[in-house]
Structures are given as C-alpha cells and as structure tokens.
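Residues per chain are reported as follows:
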Amino acid sequence: DSGVTQTPKHLITATGQRVTLRCSPRSGDLSVYWYQQSLDQGLQFLIHYYNGEERAKGNILERFSAQQFPDLHSELNLSSLELGDSALYFCASSVDANYYNEQFFGPGTRLTVL
Amino acid sequence: QQPVQSPQAVILREGEDAVINCSSSKALYSVHWYRQKHGEAPVFLMILLKGGEQKGHDKISASFNEKKQQSSLYLTASQLSYSGTYFCGTELDDTDKLIFGTGTRLQVFP
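This next bit is on the overall build of chain B. Each helix and strand in chain B was counted, giving 0 helices and 11 strands. What you see in chain B, going N to C, is helices and strands ordered as β-β-β-β-β-β-β-β-β-β-β. Each of the 110 residues in chain B was classed as buried or not, and the buried ones make up 48%. When the accessible surface of chain B is summed, it comes to about 5500 Å², and 49% of that surface belongs to carbon and sulfur atoms.

As a further point, take the pattern of salt bridges. Residues and elements named next belong to chain A. Per the stated rule, a full pass over the model turns up 3 salt bridges over all chains. Between Glu-82 and Arg-63 there is a salt bridge whose closest N-O contact spans 3.7 Å. With a gap of 19 residues between them, Glu-82 in the loop between β8 (74–78) and β9 (87–94) and Arg-63 in the loop between β6 (53–57) and β7 (64–68) connect regions that are remote in the sequence. For Glu-82, a relative accessible area of 44% gives the class partly exposed.

Grouped together as the largest cluster of nonpolar side chains are 22 residues, with contacts concentrated most on Trp-33, Leu-73, Leu-75, Tyr-86 and Leu-106 of chain B. Breaking this core down by element, the ones donating at least two residues are β2 (9–13), β3 (18–23), β4 (28–36), β5 (43–49), β7 (61–65), β8 (70–75), β9 (84–92) and β11 (104–109) of chain B.

Moving on, we come to the interface of chain A and chain B. With 21 residues of chain A at the contact, the number on the chain B side is 19 residues. When chain A packs against chain B, close to 1600 Å² is buried across both sides, 59% of that on carbon and sulfur atoms. On the surface where chain A and chain B come into contact, there are 0 salt bridges. There are 3 residue pairs in polar contact (both at pLDDT 80 or more) connecting chain A and chain B. No other element matches strand β5 (residues 42–50) of chain A, which puts 5 residues into the side of chain A that touches chain B. Split by residue class, the side of chain A that touches chain B holds 9 nonpolar, 9 polar and 3 charged.

What counts and how
- Residues numbered from 1 in each chain as written.
- Chains lettered and ligands numbered in written order.
- Predicted model: local features only at pLDDT ≥ 70, side-chain atom pairs only at ≥ 80, totals over all residues.
- Heavy atoms only, no water.
- Helix = DSSP H or I, 4+ residues; strand = E, 2+ residues; numbered from the N terminus.
- Buried < 20%, exposed > 50% of the residue type's maximum accessible area, 1.4 Å probe, protein only.
- Areas by Shrake-Rupley, 256 points an atom, 1.4 Å probe, with all protein chains shown as cover.
- Salt bridge = Lys/Arg side-chain N within 4 Å of Asp/Glu carboxyl O.
- Core = buried A, V, L, I, M, F, W, Y, C linked by side-chain atoms within 4.5 Å.
- Contact = heavy atoms within 4.5 Å.
- Buried area = accessible area lost by both parts, 1.4 Å probe.
- Polar contact = N/O pair within 3.5 Å; in protein donor to acceptor, adjacent residues only side chain to side chain.
- Nonpolar A, V, L, I, M, F, W, Y, C, P; charged D, E, K, R; others polar.

As structure tokens, this is what we get:
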C-alpha cells in the first residue's frame, strides 16, 4: 500500500459523458501527478500539480482538466468522453516538486467508455 | 521525446541475469526506473541523476551513461518476484515532467 488513494476503482460510462476521478496523496506529499495508461501507449504523463498550482503539462487533451485543492487532494475531470479514453488512470504523489524524488502511485481508476 | 526501451520482452529462468536498456535522443537530467506487476500500480525501483548520484534499493542495480543518454537496469540472479513490466522514465534538462518509455515485460519461470 503506497498511501495514495484513488476513487472510484472502476468507472463505466457512455460516450459524451463527463466523469471525475479523485486522488488523495500520501500524508505530507505536496505534489500530485496524473498518468494515463492504455495497452498500446504505456504510461502517459498528463499533468503535475504542486501545492495547489499547476507545474507541468503533458499531452493532456483539452477535454481533460485537473485541479489540486487546499487539502492537497486532486481531481481529474474528463469530459465529452470518447471510446479511446478508456484506460487506467493513475495518480502519484511525491514529497515536493523535484522530479528526482520517488513517486508513489495509487491503485488506479479503470475507466471504460462504452 | 519518449525514451526507447529494449528489449520489449525478456523470458528468464530463476537465477539468470537480464539487462534492460533505456535510450533518449535528448540530454537527460535523470532516469527513473519503476516496476509494474500485472494489475497493480508501478512501484519505484531507482533514480539515477546527472552527475552520478544514484538512489535506489533492493538488489537491482543500474547505470547512467550521460554521454550516450542511456541507462541500463541490471537484474542479477533473477527471482520469480522480478516478473513484471519495467518502465524507465526520463527527465530532460529543459522540461519539468517525467516521460516514461513503453516498457519491457520480464517473465521469470522456475
């Protein structure tokens, strides 16, 4: 158990819908990262938040957005869902903003878009 | 920008050795290694920093060739528990994000 929690564990929805994935980092960690993992793409970096502010963006679609709240939990919002958005979404946390720190991954949210 | 890992897959018997390589076309600041078992989250193995500082744990070792922009992960005397997919993640000098390779699937059989 990494100490990072993600809810829900599974999510099944239809195309065109909007969903929110939630992540709580390990106690004391200020950074939260979001990754998308699909079978043919490996782990794709989406976005990094540090202490409530956006630090870095990957190839995150405009239909996707995220935020980190004052209590440091983070939410990833996915809208106008398409079949290709079906994937495992991981959140990870680390103690600060430096990338040479270990990232602790949550168990993931499996999103299925029908 | 995505690092290239080789080989794509490795099959070993317990006790055998393996090397997994990670190459980048750009200058690297750090290389991270993670292992992901089927159905589980990735777990940190090791970080190698530009300038030679190395962090890590367990009995798995790694090297970082800054001139060649390559890193290698060494698995010696493999155990059944080593099975999984190994990902390298690279951080470039002028970016602020960790980009992962496509992974190397390792299977260890008795």
